[in-house]
Amino acid sequence: GSKRLFTSPLRYPLYQLGNPQLRIFRPNWFLTLVRPGKEQPPDTAQFRIPMEMTKCDVKNYLEKIYNVPVGAVRTRIQFGSNKKRNHLSQKVKQPDYKVAYVQLAQGQTFTFPDIFPEKDRTAAEGSVEEMQEKFLEDEKQKQKPDPRRGGVTEWFGL
Amino acid sequence: MAASSSAGRVLTLCKQFQNVLRISSAINTPHCAANFTKYQPHVYRGKSPLAALSWSTPTSYLGQCRALHTTISRRGLEEFFDLPENWGETSVKSGAPWTAKQLRTKSNEDLHKLWYVLLKEKNMLLTLEQEAKRQRVQMPSPERLRKVERSIIRLETVVTERETALRLLQTGQEKGRPGDWRKNTFGYVYWYRFKEYAIPWYMNKRYKRKKFYTPKFVEPHIRLRLEKHIREKARKASLKKKTLAKLMEKFPQMKVSAP
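What you are looking at is a predicted structure, and each value in this text was computed from that prediction instead of being measured. (Residues numbered from 1 in each chain as written. Chains lettered and ligands numbered in written order. Predicted model: local features only at pLDDT ≥ 70, side-chain atom pairs only at ≥ 80, totals over all residues. Heavy atoms only, no water.)

**Here's the deal with unusual backbone geometry**
Residue and element names in this part refer to chain A. Positive phi, normally seen in glycine, also occurs at Arg 26, with a value near 50 degrees. Mapped onto the elements of the fold, Arg 26 is located in the segment before strand E1 (32-34). One non-glycine residue, Gln 106, lies in the positive phi region at around 55 degrees. Here Gln 106 falls in the exposed class, since its relative accessible area comes to 66%. (Helix = DSSP H or I, 4+ residues; strand = E, 2+ residues; numbered from the N terminus. Buried < 20%, exposed > 50% of the residue type's maximum accessible area, 1.4 Å probe, protein only.)

Now the structure itself:
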C-alpha cells in the first residue's frame, strides 16, 4: 500500500461497465476564485484549479461542497513562462495552472467584489502606531510653507 | 452532549468547545449556520475552524446554552470570501491549528465535516492571496494559510492511522495497495506496487517488456558499484578517525563520546 500523504490516490480503481460510481472522500483539491483578466459575461466565474481536475470534477465539487448551481464548465491550461532568468542566468519556470470558466445556472450572476476597500484606520490610544502617525503628521506640517505669507513662495524676498 | 442544539454541533468543531460555548447576541447574527447535510458543513464564519480568540471568558457549558433557531446557509460563491467586516483589514485574528492529539479525540463524522470546513477555509485564503497579489496589496495574516495546511496534514495522518488499524484488524494487511519486493534490471531490489489492469499480465505487452530480473552482463557492473560504495564508506570512516586523532593530539583532555 502506498504511504501517500493525501487521499486522492494516484490510481483510482479501474472502471469497467457496471462498476459503481467513483466516490472521492475528503478531496484534496483547492480552488482559487480569481478576478478575470478579460471581461467575462455576468454569469461566469473564473477559477484556478489543480491540473488533475476535470470539468465534471469542478461541477460536482461546486455543486456538492458549495451548493452552487453550475451550468457549463470550460477549462484551459495556462502555460507558466520559462523565459525569465535569475542572477545565475538559469531559466526560472513559473508554474503552469489550469483555469476553469464556470457558468452559473438558474440565471445567477456573479461579480468579483472589491476585497480591499479603503478603511479609515485610527490607531488605538497610547499605542506605538498612534505615536508614529502623530510624528509623521508633525513632519508633514513642518514641510508646509509659512501660512502667514498667504500662498506666496519664498522666492519673493520679504 | 445531549444539551447541544444543532448549532452546538457546529461549534463542537472548534477547538475549545468545552470551555467556550456561549451563545450571545453578539454572535447570534443572521449569518448563523446549522443543519449539517452530508457534504455541506457550513460553519458560521465568525467561529473560524481554528481556535477562536474572540471568546475570552470560558463559561460553563450546560448552564448558558440557549435554544437557537438557525437556517441552512446557502451562500454559494460568497464562501470564497471572508466576512465582509474583515475586508480591508490589515490583520485578522485566528486561533491555533488543530493538533493530531486533539484530532484523535474526534469521531469520524466530525473529522469528515472538519475536512470540508478546512477545505473551504483554505479556498477562501487562496482566493484572498491571489487577489492581494493582483491588487499589489499585502495579504492580511498569511499565517492562517500555513495553519490550515498543517491542520489538514494532521487530519490526514489521523485518518490514515485509523484506516490502517482497521485494515490490520479486519484483514491483517498493513498496506492498502498490494505490492511485492522485486529486482529491477540494475540489481536494485525495490517495493513494486501493483496496478489494476483489465487483462492478465501475460496479455499485457507493455508489462512484459519490463524486466524484473538482472541480466548476466549487468553483474560485473554491480560488483564495481559495490566496490565503489565500500571504498567510499572506508574513506569516510578513515577521515573521521584521522580528524579525531588530530584533535586528541591538540586537546588531550578532550572527552570523546563512545561510538
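**Description of the nonpolar core**
In terms of nonpolar packing, the biggest core is built from 49 residues, with Phe47(A), Leu62(A) and Phe80(B) touching the most fellow members. Secondary structure elements with two or more residues in this core: strand E2 (44-49), helix H1 (55-66), strand E3 (70-78) and strand E4 (97-104) of chain A together with helix H3 (100-104), helix H4 (108-135) and helix H5 (143-170) of chain B. If you tally residues by element for this core, the top one is H4(B), at twelve residues. If we skip the residues at most four places from it in the chain, Phe47(A) touches Leu31(A), Thr32(A), Leu33(A), Val34(A), Leu62(A), Lys98(A), Val99(A), Ala100(A), Val102(A), Leu77(B) and Phe80(B). (Core = buried A, V, L, I, M, F, W, Y, C linked by side-chain atoms within 4.5 Å. Contact = heavy atoms within 4.5 Å.)

**Description of the side chain of Thr127(B)**
Topologically, Thr127(B) is positioned in helix H4. Look past the residues within four positions of Thr127(B) in its chain and what remains in contact with it is Thr32(A), Leu33(A) and Phe80(B).

**Considerations on the packing of aromatic side chains**
Residues and elements named next belong to chain B. Scanning the entire structure with this criterion turns up 13 aromatic pairs over all chains. Their ring planes at 75 degrees and their centres at 5.3 Å tell us that Trp 181 and Trp 191 sit as a pair that is edge-to-face. You can see Trp 181 sitting in strand E1 (residues 179-183) and its partner Trp 191 sitting in strand E2 (residues 189-193), a full ten residues away along the chain. Given a relative accessible area of 57%, Trp 181 falls into the exposed group. Grouping aromatic residues by their ring pairs yields a cluster made of Tyr 192, Phe 194, Trp 201, Tyr 202, Tyr 207 and Phe 212. (Phe/Tyr/Trp six-rings, centres within 6.5 Å; stacked < 30°, edge-to-face > 60°.)

**Remarks on H1(A)**
Here H1(A) is twelve residues long and its end C-alpha atoms lie 16 Å apart, about the 16 Å a rise of 1.5 Å per residue gives. Along H1(A), the residues that are buried comprise Val58(A), Tyr61(A), Leu62(A), Ile65(A) and Tyr66(A). Burial along H1(A) is one-sided: seen end-on, the buried residues are contained in an arc of 100 degrees. Residues of H1(A) that are buried in the fold lie against E2, E3 and E4 of chain A together with H4 of chain B. (Expected span 1.5 Å × (residues − 1). Arc of directions from axis to C-beta.)

**What about the interface of chain B and chain A?**
Listed by partner, the interface residues are 47 residues for chain B and 45 residues for chain A. Taken together, both faces of the contact between chain B and chain A bury some 4,200 Å²; the carbon and sulfur share is 64%. Our count for the contact surface shared by chain B and chain A stands at four salt bridges. Among the salt bridges present, the one from Glu163(B) reaches Arg26(A), with a minimum N-O distance of 3.6 Å. For the pair chain B and chain A, the interface holds 14 residue pairs in polar contact (both at pLDDT 80 or more). (Buried area = accessible area lost by both parts, 1.4 Å probe. Salt bridge = Lys/Arg side-chain N within 4 Å of Asp/Glu carboxyl O. Polar contact = N/O pair within 3.5 Å; in protein donor to acceptor, adjacent residues only side chain to side chain.)

**So, the pattern of salt bridges**
Scanning the entire structure with this criterion turns up 15 salt bridges over all chains. One salt bridge in this structure joins Glu156(B) and Arg26(A), with 3.5 Å as the shortest N-O distance. Residue Glu156(B) is located in helix H5, and its partner Arg26(A) is located in the segment before E1; the two belong to separate chains. With relative accessibility at 2%, the residue Glu156(B) sits in the buried group. Close ionic contact of Lys142(A) with Glu139(A) constitutes a salt bridge, the shortest N to O distance being 3.5 Å. Here Lys142(A) pairs with Glu139(A), and both are found in helix H2 (residues 128-143), just three residues apart, close to one helical turn. A relative accessible area of 63% places Lys142(A) in the exposed class. Taken together, the shared-partner salt bridges connect Arg26(A), Glu156(B) and Glu163(B) into one network.

These results come straight from atomic positions and should not be treated as a statement about function.
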